[in-house]
Amino acid sequence: MVFRGTITDAANFDPSVDAETLYNAMKGIGSDKEAILDLITSRSNAQRQEIITAYKSSFGQDLIEDLKYELTGKFERLIVSLMRTPAYHDAKEIHDAIKGVGTNERCLIEVLASRNNRQIHEMVAAYKDAYGRDMEEDVIGDTSGHFKKMLVVLLQGTRDESGVVDIKLILYYVLHTVKDIGLYMCCIIMLCALCSLYQPPGSVVTHLHLVFEAYEAIAEMSIEDSIKHELSGDFERLMLAVVQCIRSVPMFFARRLYKSMKGLGTADNTLIRIMISRSEIDMLDIRECFRLRYEKSLYNMIKDDTSGDYKRTLLNLCGGDDDLAGEFFPEAAQIAYKMWELSAMTKVQLRPTVRPASNFDPAADAQALRKAMKGFGTDEDAIIDIVANRSNAQRQEIRKAFKSLLGRDLMKDLKSELSKNLERLIIGLMLTPAEFDAKMMRKAMEGAGTDEHALIEILATRSNEQIHAMNAAYQSAYKTSLEEAIQSDTSGHFCRILVSLVQGAREEGPADVERANTDAQVIYSCNADSDDMEMKFMSILCTRSFPHLRKVFQEFVRCSNKDIEQIIKKEMSGDVKNSFYAIVRSVKNQPSYFADRLYKAMKGLGTDDRALIRIMVSRSEVDLFNIRKEFKETYDSSLHEFIQVETMIVSLSLRLLALIVGLLRSLLICLSWLLPWLCLMALEVCV
């Protein structure tokens, strides 16, 4: 097999010389941390074990104990962990995950789901040697239910690693799994625990890859979606990890690394564990998968998220910056090609969060809304409970009932009674989808400056029918065409892209394989130094159906060994880049695109309230449930919690501002009372 690690055996290796170098680096007051990290990260694990032996022979001291004494914090943890053998390192991680109060289930899942039979056996033996206990017994004593059973099965290290594919067995499991949900967990545990995890040299697919493909063809959903639908908690996370490792171990670790560093704070134990355990196995592939999925190199994310000697050590283990590279490694290109294929095969069931209310009575709702707004003050809770729990079609009936029963315009009443973001949100919900999109387009272009991201988001994600309805609503509300408004507010290639999209003339239907190959070649042959690239991209990305574009992007990987997203990011700039990038993301996974937009609307200081309202309103009856799932998977935090924290911070900020204003007002009043007295005192002093 081709070596895919970043740490290799050092040439002209002499363990005695290295032992002396480390001894001198730690001798006397202080220690030469740079010398320590440079030496240790440039030796393989086998060579480090020889250095430990040579150090003991030469100086009669334990190298690991000396390192613990001289170093501190995360840097010490990282360096000391590098000095352990892989088996003893894994054993310690498992031991730390289950010792004391509470259990680190995510560590158990990561380690046991990703190791092959040999690694499992060596880890179990190392655990017994280091702690004098049986790993299986300790895991059983600290876990429960199906989660425990699956961990025990994985701990046996008895997976079939022959690579032999039994088609009859595949069909048996698939048919029984889909036919009888009662057998679901039994079948999935048996399959994932007993069939091959790693591909033997020269093998293209494993037994389980074919099982998953057959399952998706029959069930019309991916195995991952089935697991999410049927399972929950730690067992769901474990089974998803097993499936992800079967699909691609490097991609599994790329996801784990991203989650360890995104957001506030860093999960250093996870970061250290993965960087050490994969540095001599598949770190090069993990780096490529990381860049493929997150549009940023692992090197740069570590660089931005860590500091000092700890950062330098991690960067040495990472081995290089893939943002400087232009092409995939061969294995990563295969993964990218497969990802587009899976995207095309998977039929995602879009799930809304707002559905029509049962026993709906528009007249009663109209009366209840009037009561909530009548008299002194407004019952905002009552308004929210009604509006947020009715479908858009039902809200339109309420508007009509309000007018016919009470002779009043509900929208005007709501505007007069509510304010700021709550008013924007409630009014947005009361508009039809077409009216709301038209209003959002108007808001994006009115006044000084243009919200290009809003224009891109709306036009890149709406169907032909939705765009036509939006055009009609815009013409009706603002007495001008949306196309004219776009042309007057934007320019250049960006304007042409938006005008192309606003026609609502995107082709519909399945992919044309022959034409997709031609389209991929057209994009590949573009001249990056001229307008030719933007025009050719526009002619394909703005007009072809989404199923067809999936095939185009897949074939682009084959003919160029590059990723379409990276080409857009590298060769284009500004709003043109953002437009094409949004289209590609929508084609690949639209709920994931919206999850990313929501995250960006709320992360950092301040909140982009318009973007937050726009997405929550427009997707609530389309795919907001799917967006929630993608948000949770990508950012390891629920959308509900994220919104709750973000809006609470805003509320507290406003309250603090009000308090400050109140204190300043009180201070000014006091000064106004004291000023005459102070003047008199000053006058007496002068006299």
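Residues numbered from 1 in each chain as written. Predicted model: local features only at pLDDT ≥ 70, side-chain atom pairs only at ≥ 80, totals over all residues. Heavy atoms only, no water.

### Quick notes on the overall build of the protein
Across its full length, the protein carries 39 helices and zero strands. Here the protein holds 687 residues, and 48% of them are scored as buried. By element, 54% of the accessible surface of the protein is carried by carbon and sulfur atoms, the whole surface being about 32,700 Å². (Helix = DSSP H or I, 4+ residues; strand = E, 2+ residues; numbered from the N terminus. Buried < 20%, exposed > 50% of the residue type's maximum accessible area, 1.4 Å probe, protein only. Areas by Shrake-Rupley, 256 points an atom, 1.4 Å probe, with all protein chains shown as cover.)

### A short note on the side chain of E534
When you line up the elements, E534 lands in helix 33 (residues 532-541). For the buried E534, no salt bridge is present, and the opposite-charge side chain at shortest range is R496, 8.2 Å distant. When near neighbours in sequence (up to four residues on either side) are disregarded, E534 contacts H493, M572, V576 and F580. (Lys, Arg positive; Asp, Glu negative; His and termini not counted. Salt bridge = Lys/Arg side-chain N within 4 Å of Asp/Glu carboxyl O. Contact = heavy atoms within 4.5 Å.)

### Focus on the packing of helix 7 (residues 105-114) against helix 17 (residues 268-278)
Relative orientation of the contacting elements helix 7 and helix 17 amounts to 15°, with a least axis distance of 11 Å. With respect to their mutual orientation, helix 7 and helix 17 come out roughly parallel. Note on packing geometry: the crossing formed by helix 7 with helix 17 is right-handed. Between helix 7 and helix 17, the contacting residues are C107, E110, V111 and S114 on the first element and T270, R273, I274 and R278 on the second. Along the lines of polarity and charge, the residues of the contact of helix 7 with helix 17 split into three nonpolar, two polar and three charged. (Axes fitted to C-alpha atoms, helices over the stretch in contact; angles between N-to-C directions. Parallel < 35°, antiparallel > 145°, perpendicular 65-115°, else oblique. Left-handed = near helix turned anticlockwise from the far one by under 90°. Nonpolar A, V, L, I, M, F, W, Y, C, P; charged D, E, K, R; others polar.)

### So, the confidence of the model for the protein
Residues of the protein with pLDDT of at least 70 account for 82%, and the chain-wide mean is 85. Confidence over residues 198-205 falls short of pLDDT 50; this stretch has 15 contacts with residues more than four positions distant or in other chains. Segment residues 649-661: pLDDT under 50, and one contact once partners within four positions in sequence are set aside and those in other chains are kept. (pLDDT = per-residue confidence, 0-100.)

### Observations concerning helix 25 (residues 410-417)
If you check which residues of helix 25 are buried, you get L410, M411, D413 and L414. On an axial view of helix 25, the arc spanned by its buried residues comes to 165°, and they lie on one face. Those residues of helix 25 that are exposed and angled more than 90 degrees off the buried face are K412 and S416. The secondary structure elements touched by the buried residues of helix 25 are helix 22 (362-373), helix 23 (380-387), helix 24 (392-406) and helix 26 (420-430). The distance from a side-chain oxygen at the start of helix 25 to the backbone nitrogen of M411 is 2.9 Å, and the residue carrying that oxygen is D409. (Arc of directions from axis to C-beta. Polar contact = N/O pair within 3.5 Å; in protein donor to acceptor, adjacent residues only side chain to side chain.)

### A closer look at the pattern of salt bridges
Under the definition given, this model contains 37 salt bridges. R133 serves as the salt-bridge partner of D138, at 2.7 Å between the closest nitrogen and oxygen. Judged by its relative accessible area of 45%, R133 falls in the partly exposed class. Here the salt bridges share partners, and the residues they tie into one network are E93, E110, R256 and R273.

### Details of the environment of F3
Of note, F3 is situated in the segment before helix 1 (15-26). Classification of F3 by relative accessible area gives partly exposed; the value is 41%. For the pair formed by F3 and E280, sequence separation is 277 residues and the distance between their alpha carbons is 8.2 Å. Setting aside residues up to four positions removed in sequence, F3 forms contacts with T8 and E280.

### Looking at unusual backbone geometry
A positive phi angle, close to 55°, is found at K420, a residue other than glycine. Its location among the elements puts K420 in helix 26. Residue K420 is classed as exposed on the basis of its relative accessible area, which comes to 62%.

### Observations concerning the packing of aromatic side chains
All chains considered together, the criterion is met by 15 aromatic pairs. Through successive ring pairs, a cluster of aromatic residues spans Y23, Y55 and F59. (Phe/Tyr/Trp six-rings, centres within 6.5 Å; stacked < 30°, edge-to-face > 60°.)

### Re the environment of D361
Here D361 is to be found in the loop between helix 21 (330-345) and helix 22. Taking relative accessible area as the criterion, D361 reaches 38% and is therefore assigned partly exposed. When the C-alpha atoms of D361 and Q394 are compared, they prove to be 9.0 Å apart, with 33 residues separating the residues in sequence.

### Structural notes on the nonpolar core
One finds L67, M275, M441, F537 and F580 to be the most contacted residues of the largest nonpolar core, which totals 177 residues. Sorting elements by how many residues they give to this core places helix 36 (residues 574-602) first, with 13 residues. Residues in contact with M441, not counting those within four places in the same chain, are L455, I458, L459, M470, Y474, L482 and I486. (Core = buried A, V, L, I, M, F, W, Y, C linked by side-chain atoms within 4.5 Å.)

### Re helix 36
Owing to its 3.6 residues per turn, the α-helix aligns residues three or four sequence positions apart on the same side. Over its 29 residues, helix 36 runs only 22 Å from end to end, short of the ideal 42 Å by more than 12%, given 1.5 Å per residue. Counting buried positions along helix 36 yields 22 of 29 residues, so the element is predominantly enclosed. Just past helix 36, the residue G604 takes up positive phi, approximately 75°. (Expected span 1.5 Å × (residues − 1).)

### Quick word on a negative patch on the surface
Where like charges cluster on the molecular surface, the negative patch consists of D379, E380, D381 and D385. In this structure, D379 sits in the loop between helix 22 and helix 23. (Patch = residues over 30% accessible without salt bridge, like charges linked within 9 Å, V, L, I, M, F, W, Y side chains within 5 Å. Charge placed at Lys NZ, Arg CZ, Asp CG, Glu CD.)

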